[in-house]
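What follows is the residue order along each chain.
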Amino acid sequence: MRFCELIIKKRNGLKLSEKEINYTIKAFNDGEIPDYQMSAMLMAIYFQGMDINEIKYLTMAMVNSGKTIDLSSIPGIKVDKHSTGGVGDTTTLALAPMVAAAGVPVAKMSGRGLGHTGGTIDKLESIEGFKTEISINKFIKIVKKIGVSIISPTSDLAPADKKLYSLRDVTGTVDSIPLIVSSIMSKKIGCWHQCNRIGCYYRKRCLYARI
């Protein structure tokens, strides 16, 4: 499969198949596709968009590029929220403890900045002594104990998204709905996927399990 042909295909507004998208993400994550070619693909997606199936294929390809995290040991329905960007971070830092105080565990993964704004993790790390890079076991332990924890994505959770995330920031493709959706959901599904696999009691009511 020649990646240049896939760039041309998307540039011309055609749909990419699941096989083609899986190849794209795996080859890029493995270093077989250089940044300049992937940049061209990102720009093609920016202008031509993706349909719902392409977005689903892209999301799951990034989920499967790394490990998934099992949060099933945290009792009840776990929740998270994710914004598409902002300057003030006026939602997460207020909403997460409020929801936790209401008795709903908040297992929150936040990202770094794209474009002109710093992300929630960037801002939290400016607080002396605040650590966002902790082990998954400690993350789960904190959520169980106080009901809420905010961490940055682990290096092995959707690693392909991490590479694309950085490339989007320098190629003017940040504000692409398909790329935004797949980036957010790949991290969320990667964090919840094990709950689906083990047959969680709340599976039918869980957004992530239905994708």
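Reading the values: the criteria
Residues numbered from 1 in each chain as written. Predicted model: local features only at pLDDT ≥ 70, side-chain atom pairs only at ≥ 80, totals over all residues. Heavy atoms only, no water. Helix = DSSP H or I, 4+ residues; strand = E, 2+ residues; numbered from the N terminus. Buried < 20%, exposed > 50% of the residue type's maximum accessible area, 1.4 Å probe, protein only. Contact = heavy atoms within 4.5 Å. Core = buried A, V, L, I, M, F, W, Y, C linked by side-chain atoms within 4.5 Å. Polar contact = N/O pair within 3.5 Å; in protein donor to acceptor, adjacent residues only side chain to side chain. Axes fitted to C-alpha atoms, helices over the stretch in contact; angles between N-to-C directions. Left-handed = near helix turned anticlockwise from the far one by under 90°. Nonpolar A, V, L, I, M, F, W, Y, C, P; charged D, E, K, R; others polar. Parallel < 35°, antiparallel > 145°, perpendicular 65-115°, else oblique.

Asks: Could you give an account of the overall build of the protein chain, with specific residues and numbers?
Replies: Looking only at helices and strands, one finds 9 helices and 2 strands in the protein chain. Listing the helices and strands of the protein chain from first to last along the sequence gives α-α-α-α-α-β-α-α-β-α-α. Within the protein chain, the fraction of its 211 residues that count as buried is 45%. Sequence-distant contacts in the protein chain: of pairs separated by 6 or more residues, those separated by 24 or more amount to 73%.

Asks: Hey, could you go over the nonpolar core for me, with residue numbers and the actual values?
Replies: Counting 22 residues, the largest nonpolar core has Phe3, Ile21, Ile25, Met38, Met41, Leu58 and Leu164 as its most contacted members. Among the elements of the structure, helix 1 (3-11), helix 2 (18-29), helix 3 (35-48), helix 4 (52-63) and helix 8 (159-169) are those that each provide at least two residues to this core. The contacts of Leu164, once residues within four sequence positions are left out, are Ile25, Phe28, Met38, Leu42 and Met62.

Asks: Tell me about the side chain of Lys187, residues and numbers included.
Replies: For Lys187, the position within the fold is in helix 9 (residues 177-197). Residue classification places Lys187 among the buried positions, given a relative accessible area of 6%. A distance of 2.8 Å separates a polar atom in the side chain of Lys187 from a polar atom in the side chain of Asp161. If sequence neighbours within four positions are ignored, Lys187 has contacts with His82, Pro153, Leu157, Asp161 and Tyr165.

Asks: Lay out the packing of helix 2 against helix 4 with the relevant residues and their values.
Replies: Across the interface, helix 2 lies against helix 4 with an axial gap of 9 Å and an inter-helix angle of 35°. The interaxial crossing formed by helix 2 with helix 4 has right-handed handedness. Across the interface between the two elements, Glu18, Ile21, Asn22 and Ile25 from helix 2 touch Glu54, Tyr57, Leu58, Ala61 and Met62 from helix 4. Of the residues assigned to the contact of helix 2 with helix 4, the class counts are 6 nonpolar, 1 polar and 2 charged.

Asks: Lay out the packing of helix 2 against helix 8 with the relevant residues and their values.
Replies: Direction vectors running N to C along helix 2 and helix 8 enclose 80°, while the axes themselves pass 9 Å from each other. With respect to their mutual orientation, helix 2 and helix 8 come out roughly perpendicular. On helix 8, the residues touching Ile25, Phe28 and Asn29 of helix 2 are Pro159, Ala160, Lys163, Leu164 and Leu167. A breakdown of the residues in the contact of helix 2 with helix 8 according to their chemical character gives 6 nonpolar, 1 polar and 1 charged.

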